[in-house]
Amino acid sequence: MTDQARRGGEPVTDGGRIGGRQAETGFAEEDGRLTLRERKKLRTRQRISGEATLLFIRRGFDHVTVAEVARAAEVSTMTVFNYFPRKEDLFLDRIPEGRELLTRAVRERGADESPLAALRRLTLGLLAERHPLAGVGEGFEHFWRTVLDSPALRARGREAVEEMEDALAVLLTEAVGDEAGRLGPVGGEAGVSGRDVRLAAALIIAGIRAAFAGAAARQLGGDPVDEVAVEQAEVLRRTFDALERALPGFA
């Protein structure tokens with residue numbers, strides 16, 4: 001990243017990277033589970049999202065039309081909407097990946113690993129590899145600033161949090177064995193009710209979101225990324241320690 005970008009100038013672009021943020025969505029093209037057709041679709045989706053991200057960061061989300069994105073990506077407007085039903089999803093393009101990672105973490109956890117332990121491992125792992133969904137990285141201030149400057153993006157972000165909460169409630173229900181409105185005994189003889197699951201999902205997502213927001217605020221304030229990452233890891237550990245005490249049925 002150049003000094004201009006660090007001072008808040010126009011974001012650096014290099015091979016699809018925007019101020020350090022990879023302009024892509026979904027999983028890696030090298031993922032062996034993808035067919036040739038799926039890889040081609042993924043590349044098209046990445047190209048559309050990448051061009052959209054550049055335009056939104058440079059000019060502001062609300063000042064760019066979908067038609068302009070289509071022209072930049074050299075596709076039709078209809079093609080853009082085939083991949084992204086909503087304009088907001090062109091920029092917040094990793095929401096589906098976030099749900100997928102959440103699902104994998106809980107469903108594919110080890111036999112002796114609790115749902116909370118799996119989610120702790122996921123969030124700390126994403127941070128360690130500086131995955132975009134960890135929210136910490138060089139140049140991420142451009143992304144956060146674009147979101148904060150757009151009421152539409154902020155609203156879509158709130159919806160995404162609700163979607164994550166709903167998805168996690170389903171996963172937690174599966175994890176503790178809900179059969180007929182009453183969950184099997186987990187962490188106590190009384191068992192865990194369906195309402196307990198909804199509360200647990202809400203608390204977990206709220207805790208992660210609070211940590212995420214704190215890291216974003218520090219980066220927007222100009223704090224060094226490495227320092228933010230170290231502090232973020234400690235915040236996440238404390239968050240999950242508190243969640244495990246509050247939600248023993250899922251720990």
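Predicted model only: the values in this text are computed from it and were never measured. (Residues numbered from 1 in each chain as written. Predicted model: local features only at pLDDT ≥ 70, side-chain atom pairs only at ≥ 80, totals over all residues. Heavy atoms only, no water.)

> Hey, could you go over the packing of helix 8 (residues 140-148) against helix 10 (residues 194-220) for me, with residue numbers and the actual values?
Helix-helix packing is described using two parameters, namely the angle between the two axes and the distance between the axes. Where helix 8 contacts helix 10, the two axes come as close as 9 Å, and the packing angle between them is 110°. For the element pair helix 8 / helix 10, the angle class is roughly perpendicular. Touching F140, E141, W144, R145 and L148 of helix 8 are F212, A216, Q219 and L220, all from helix 10. The residue inventory of the contact of helix 8 with helix 10, partitioned by class, reads 6 nonpolar, 1 polar and 2 charged. (Axes fitted to C-alpha atoms, helices over the stretch in contact; angles between N-to-C directions. Helix = DSSP H or I, 4+ residues; strand = E, 2+ residues; numbered from the N terminus. Parallel < 35°, antiparallel > 145°, perpendicular 65-115°, else oblique. Contact = heavy atoms within 4.5 Å. Nonpolar A, V, L, I, M, F, W, Y, C, P; charged D, E, K, R; others polar.)

> With reference to specific residues and values, describe the pattern of salt bridges.
Under the defined criterion, the tally for this structure stands at 20 salt bridges. Of the charged contacts, one joins D223 and R218 as a salt bridge, the two residues approaching to 2.8 Å between their closest N and O atoms. By relative accessible area, D223 is classed as partly exposed at 30%. Close ionic contact of E234 with R238 constitutes a salt bridge, the shortest N to O distance being 3.8 Å. Highlighted residues: E234 and R238, both in helix 11 (residues 225-246), separated by 4 residues, approximately one helical turn. (Salt bridge = Lys/Arg side-chain N within 4 Å of Asp/Glu carboxyl O. Buried < 20%, exposed > 50% of the residue type's maximum accessible area, 1.4 Å probe, protein only.)

> Can you break down helix 3 (residues 66-73) residue by residue, with the values?
Of the positions making up helix 3, those classed as buried are V66, V69, A70 and A73. Down the axis of helix 3, the buried side of the element spans an arc of 100°, and every buried residue falls inside it. On its buried side, helix 3 packs onto helix 2 (36-59), helix 4 (77-83) and helix 5 (88-91). Of the residues one or two after helix 3, E74 is the one with positive phi, at around 60°. (Arc of directions from axis to C-beta.)

> Run through the layout of surface pockets, naming residues and quoting values.
The volume enclosed by the largest pocket comes to roughly 1,200 Å³. As for the largest pocket, its lining consists of 40 residues, of which L133, W144, V161, R209 and F212 are closest to the centre. Looking at the lining of the largest pocket, the elements that each hand over two or more residues are helix 6 (95-107), helix 7 (115-128), helix 8, helix 9 (151-176), helix 10 and helix 11. The leading source of residues in the lining of the largest pocket is helix 10, at 8 residues. (1 Å grid on protein atoms, 1.4 Å probe; cavity = no way out; pocket = protein on both sides within 12 Å on 5 of 7 lines; lining within 4 Å. Points joined across faces, edges and corners; volume = space filled by probe spheres on them.)

> How would you sum up the nonpolar core? Please name residues and give values.
Side chains that are nonpolar tend, in soluble globular proteins, to be buried together. Membership of the largest hydrophobic core comes to 26 residues, with the highest contact counts inside it found for I48, F56, V69, V80, L90, F91 and L92. Counting residues per element, the ones that place at least two in this core are helix 2, helix 3, helix 4, helix 5, helix 8 and helix 9. The biggest single contributor to this core is helix 2, with 5 residues. With residues near it in sequence (within four places) discarded, L90 still touches I48, S49, A52, T53, F56, V69, V80 and F84. Grouped together as the second largest cluster of nonpolar side chains are 21 residues, L116, A169, I208 and F250 included. (Core = buried A, V, L, I, M, F, W, Y, C linked by side-chain atoms within 4.5 Å.)

> If you had to explain the environment of L90 to someone new, which residues and values would you point to?
With respect to the secondary-structure elements, L90 resides in helix 5. Distance in space between the C-alpha atoms of L90 and S49 is 5.3 Å, their sequence separation being 41 residues.

> Which residues make up unusual backbone geometry, and what values go with them?
The phi dihedral of E74 is positive, around 60°, even though this residue is not glycine. Note on placement: E74 falls in the loop between helix 3 and helix 4. When its relative accessible area of 71% is taken as the criterion, E74 is described as exposed. Phi at R130 takes a positive value of approximately 55°, unusual for a residue other than glycine. Looking at where R130 falls in the secondary structure, it is placed in the loop between helix 7 and helix 8.

> A description of the packing of aromatic side chains should follow, citing residues and the corresponding values.
The full count for this structure, using the stated rule, is 5 aromatic pairs. Between the aromatic rings of F91 and F143, the centroid separation amounts to 4.9 Å while the plane-to-plane angle is 20°, which identifies the pairing as stacked. With a gap of 52 residues between them, F91 in helix 5 and F143 in helix 8 connect regions that are remote in the sequence. An identical accessibility class is assigned to F91 and F143; each is buried. Taking 5.3 Å as the distance between ring centres and 75° as the angle between the ring planes, the aromatic pair formed by W144 and F212 counts as edge-to-face. In this pair, W144 sits in helix 8 while F212 sits in helix 10, placing the two residues 68 residues apart along the sequence. The exposure class assigned to W144 is buried, which follows from its relative accessible area of 13%. Counting every residue linked through ring pairs, the aromatic cluster contains F56, F61, F91, F143, W144 and F212. Between K87 and the ring centre of F61, over which it is positioned, the NZ or CZ distance is 4.3 Å. (Phe/Tyr/Trp six-rings, centres within 6.5 Å; stacked < 30°, edge-to-face > 60°. Lys NZ or Arg CZ within 6 Å of the ring centre and 35° of its normal.)

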